Amino acid sequence: MRNTAAIEIDLRDTMSMCSLRAGAGLFGIETVQIREVLGTTSPQRVPLAPEYIAGVVPHRGEILTTVNFRVLLGLERRAGPGCVLVLDEEEGRDCFGLLVDGVGGVVTLARSALEANPSALDARSMALFDGVFRMPAGLMVHLDPQRLRPSRLAESGMFAAARRRSYGGQR
Amino acid sequence: MDELTKEFVAESQEGLERMELCLTDLEKRPGDVELVSEIFRTVHTIKGTTGFLRFRRLEKLAHAGEGLLAALRDGKIIATSELIGALLELMDGLRAILHLIETTGIEGARSTDDDRELIALMVDLKAGSAEAAVNGKSAPPMHDVELLALAAGRDASRAALLSAAALAPAPILTATQDRTLRIDVEVLNRMMNQVGELVLTRNQILQSSPDAQNFPELARRLNNVTAELRQSVMQARMQPVGHLFGKFPRMVRDLGRTCGRQVRIEFEGQETGLDKSLLEAVRDPLTHAVRNAVDHGIEPPDVRMLAGKPVEGVVRLRAFHQSGSVVIEVIDDGAGISTEQVLAKALERGLATPEQAASMTQREALQMLFVPGFSTARKVTNISGRGVGLDVVRANVEQVGGSVELESHLESGTTVRMRVPLTLAIVPALVVRSGGQSFALPQNALVELVYMARRDAESQIERIGASELYRLRDSLLPLVWLDRLLDLEQSAGTELQGFYIAVLESEDRRFGLVVDDLKPPEEIVVKSLSAVLREIGLFSGATVLGNGTLALILDVAEAGARAGVRPAVEAVKVVEATAKLEAAGRVGQAQIAMATSVVIYETWKRGFGEDRRGARMAMPLSAVERIESVPIAEIEYAGGRPVLQYGGELLPIEDEDEVLLEMAAANKPGDAGPAATILICLRSGEHASKRVGVVVRRVVGVSPGTLLAATAEVCAEPLAMVKDRVTTLHRDFVGQSAPPALQEVA
């Protein structure tokens, strides 16, 4: 009995993180918050959508709105396909996709090792990142899917407003 | 909220809905013991369960109601209309608390959540009548003042409630109905069977390779199972329209009182099934139509009496299936709509010119009522007549792919007819390509398709200011480039041989959408978009196409609006200005007026001698809906006359030339046989809106022609000048070819 209790406490202190890449940076999302990883896919662009929307992909009979993580970071869009992570939105009632360059392995880290965002970060990164882990190879930025929800991004207004151009007669 | 509470809320709400019906019935048959027992049971069940679930407030109110109902059941008091009013209020009270429980999980403890007044009213009614029963006529008016005060307060709040309800139908009703659904176990079992079948088929497909011999067979089976499953699910989603009608007796009763009308409501076809989502969509328009019927349709009792009608007016709700859609009619036997008044109003508002008004048919005039901001009510009441009437009804119904028609006869009443598709989930659509992406256009908005070669574009597209127009037969069609509208990467235009113009019409906006290419039409499964993408406003959903890629579904009306296309009626003035420009130019107006387009076809019967084989006839293009090629085996005979099953309709076939007989004679038995060319035409005149199929030997082409006037001396048949040859027009279809005003010019 005592043994299992000890393990439970131990488990509660660790996080299983799925690592992902975008540009030169390394990021991590907790595996329990990821529903599924769709291999290489290229989302279908939605005209007139906000810049940070990568597009839509079909997923289990629904249309998944996908956020382009590169654009959120202020990087260039990539032409080729990327990896789409399916993440929960608002207590698992809905989900959205996150387009990244690639998905790496799963690492287990101590929850206590998570440090708050450095104060020197700019406002956009502050809004996106949820803290950092110091890894042997460099920093891994912890991401909270709730901060990346399309609806929240739209509300914050921080990320490139929709590309609206009135319909003109000129060709 | 736990399961038990959820179930309780759903059940109680259903019970209250039944109670509502019973109460309105009770008013007509005050002595019906069965009805009283039914109402008593509902309230009793609510009271019993709330005690158990510890909803004290609800229990108290239900208890008070139960006491009153018990007295009623035991015959101690009688069902006066005051009592029924009180019971209806009790029901509203219970419903409000249930709604609170459903949304918040608790029954509300704020000071505004107070039922004391209502409970006092129940007790007073019960006690008052008990005392009256005991003391005979001399009921002690001890609490009369109090009661009066209460009643006054009630009326005020009631009036406020009514006017609020008139503007926005109570959301309380829709809440649970969105989430729970009763399904026949039969249907559910069948679905389970079909899912089993689907799994088996999948297993077989997984185990075989695409080049296996039985692969086509497996694919066919998969197709069958999918179709069956789809049908079952659709059936499960079907709800009887009666669910929607349930709330109207009460509404009509209350409205009748406020407007001083005596109205009875009747139902027909309550069992007609309609998809659940659509049922919700037509709820508001239907409410609006019924409200209009009571407030504006039915006359006050004295007027009715003078007109020799029964004092009590009738509003009839009728639902039925017709060729793949559901029709819901709201019929009243009121005063009807005066066409003169409509036209006068249209002139006053500048919605039509006097010339247009003079030439309008009754039907066209009534269509004016759907123009935004149009209201004929001389008096604005708080129930209807704010000018947010029929245009809203139409917008709502069109949003779900339906249509609204109005029919009215002065003195004898008005009919509002709404036509909605059976389901929203799967719609036929045309897939187009633009800027390297696919988009789906709902077929119901599509009028026709025009191909334009790149080299003709310069000469055929005309420019007025910034807008580009294409002259489509007699009208000028504003053009909207899809790639420009959506800010897509410009399709490498010069490489393309040409482009397509999809002529679209929705919410009175008619325009040509220019796209790069067309793909075959598909039945698409509509999926909703997330909130962020819905906000763009131009897309009503997305779908996965047969080839696995995604396509966005274009909201046609919105696309037109964004590009600055005006609705037809507003556009009238612009078109007039254009017409004047043209008149000043090379073409005289009279000539435009006479010009019409015809479909030329070959017929042998009308020719003579050697020329017999080449004889031609023409049919006004406006009368032709489609040209179909039908294998003669599909043509059936009923009573010796050929008929065709066409889109769920039985079409009579006209075969003057006896082409069918010839074909059948040349055909070997057992063969599907050659195909006959049939023009699907819409008849005019007294057979208005009846379709008929006309068999022709061969369609020669479509060409502009000129109607010849005063041909009676030459020939009994109407004639037209087509390509410098005199051609006989099919006489049954000429009436509609030229608008009435133009015939006068002739």
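Look above for the structure.
My aim in this report is to walk through the structure given alongside it, one point at a time.

So, how was this worked out
- Residues numbered from 1 in each chain as written.
- Chains lettered and ligands numbered in written order.
- Predicted model: local features only at pLDDT ≥ 70, side-chain atom pairs only at ≥ 80, totals over all residues.
- Heavy atoms only, no water.
- Helix = DSSP H or I, 4+ residues; strand = E, 2+ residues; numbered from the N terminus.
- Pairing = 2+ DSSP bridges.
- Axes fitted to C-alpha atoms, helices over the stretch in contact; angles between N-to-C directions.
- Parallel < 35°, antiparallel > 145°, perpendicular 65-115°, else oblique.
- Left-handed = near helix turned anticlockwise from the far one by under 90°.
- Contact = heavy atoms within 4.5 Å.
- Nonpolar A, V, L, I, M, F, W, Y, C, P; charged D, E, K, R; others polar.
- Disulfide = S-S within 2.5 Å.
- Buried area = accessible area lost by both parts, 1.4 Å probe.
- Salt bridge = Lys/Arg side-chain N within 4 Å of Asp/Glu carboxyl O.
- Polar contact = N/O pair within 3.5 Å; in protein donor to acceptor, adjacent residues only side chain to side chain.
- Core = buried A, V, L, I, M, F, W, Y, C linked by side-chain atoms within 4.5 Å.
- Buried < 20%, exposed > 50% of the residue type's maximum accessible area, 1.4 Å probe, protein only.
- Phe/Tyr/Trp six-rings, centres within 6.5 Å; stacked < 30°, edge-to-face > 60°.

## Describing the environment of T727(B)
Argument step 1. Within the fold, T727(B) resides in strand β29 (residues 725-729).
Argument step 2. Remark: the alpha-carbon pair of T727(B) and A618(B), spanning 109 residues in sequence, is separated by 6.5 Å.

## Quick word on the sheet that holds strand β23 (residues 641-646) of chain B
The strands making up a sheet are joined through hydrogen bonds of the backbone, oriented either antiparallel or parallel.
Residue and element names in this part refer to chain B.
Argument step 1. Pairing in this open sheet of six strands is mixed, and the strands run β21-β25-β26-β24-β23-β22 from one edge to the other. In this open sheet, the two strands that pair with only one neighbour each are β21 (624-631) and β22 (636-638). Strand-to-strand twist of the sheet, defined as the mean angle between neighbouring strand axes without regard to direction, takes the value 40 degrees.
Argument step 2. Note that β21 and strand β25 (residues 675-682) share seven bridges and pair antiparallel. Counterpart to V630 in the pairing with β25 is A676.

## Topic: the sheet that holds strand β10 (residues 138-143) of chain A
Residue and element names in this part refer to chain A.
Argument step 1. Strand order in this open sheet of five strands is β8-β1-β2-β10-β9, and the pairing throughout is mixed. Strand pairing shows two members of the sheet lacking a second neighbour, β8 (102-110) and β9 (129-135), which therefore form its edges. On average, each strand axis in the sheet is tilted by 35 degrees relative to the strand beside it, whichever way the strands run.
Argument step 2. Two elements, strand β1 (residues 14-22) and strand β2 (residues 25-30), share six bridges in a ladder whose sense is antiparallel. By the bridge assignment, R21 is partnered in β2 with L26.

## Quick look at the packing of helix α1 (residues 3-28) of chain B against helix α2 (residues 33-53) of chain B
Residue and element names in this part refer to chain B.
Argument step 1. Their axes nearest at 9 Å, the elements α1 and α2 cross at an angle of 160 degrees. Between α1 and α2, the interaxial angle falls into the category roughly antiparallel. For the crossing formed where α1 meets α2, the hand is left-handed. Two secondary-structure elements touch here, α1 through L4, T5, F8, S12, G15, L16, R18, M19, C22, L23, D25 and L26 and α2 through L35, V36, E38, I39, T42, V43, I46, T49, T50, F52 and L53.
Argument step 2. For the contact of α1 with α2, a count of residues per class yields 14 nonpolar, six polar and three charged.

## Quick look at the state of the cysteines
Argument step 1. Within this structure, the stated rule accounts for zero disulfides over all chains.
Argument step 2. Cysteine C83(A) remains unbridged, with the sulfur of C18(A) as its closest cysteine sulfur at 9.0 Å.

## Digging into the interface of chain B and chain A
Where interface size is quoted, it is often the accessible area lost as the parts come together.
Argument step 1. Residue-level contacts link 31 residues of chain B with 27 residues of chain A.
Argument step 2. Of the roughly 2,400 Å² buried where chain B meets chain A, counting both sides, 60% is carbon and sulfur surface.
Argument step 3. For the pair chain B and chain A, the number of links is zero salt bridges.
Argument step 4. Summed over the shared surface of chain B and chain A, the result is three residue pairs in polar contact (both at pLDDT 80 or more).

## Thoughts on the nonpolar core
Argument step 1. Core analysis: the biggest nonpolar cluster contains 61 residues, and F69(A), L72(A), L98(A), L143(A), L482(B), L513(B) and F539(B) have the highest contact counts within it.
Argument step 2. The contacts of L482(B), once residues within four sequence positions are left out, are V432(B), S434(B), F439(B), L488(B), L513(B), V514(B), V515(B) and L554(B).
Argument step 3. Counting residues in each nonpolar core, the second largest holds 44 residues, with L278(B), I298(B), V342(B) and M418(B) among its members.

## What about the packing of aromatic side chains?
Argument step 1. According to the stated counting rule, one finds six aromatic pairs over all chains in the structure shown.
Argument step 2. An angle of 50 degrees between the planes, with centres 5.9 Å apart, marks the rings of F27(A) and F129(A) as tilted. Remark: F129(A) occurs in strand β9 and F27(A) occurs in strand β2; sequence separation between them is 102 residues.
Argument step 3. Ring centres 6.4 Å apart and planes at 10 degrees place the aromatic pair F439(B) and F539(B) in the stacked group. Of this pair, F439(B) sits in strand β9 (residues 437-442) while F539(B) sits in strand β17 (residues 539-544); the two residues are 100 residues apart in sequence, bridging distant segments of the chain. This pair shows no difference in class: F439(B) is buried, exactly as F539(B) is.

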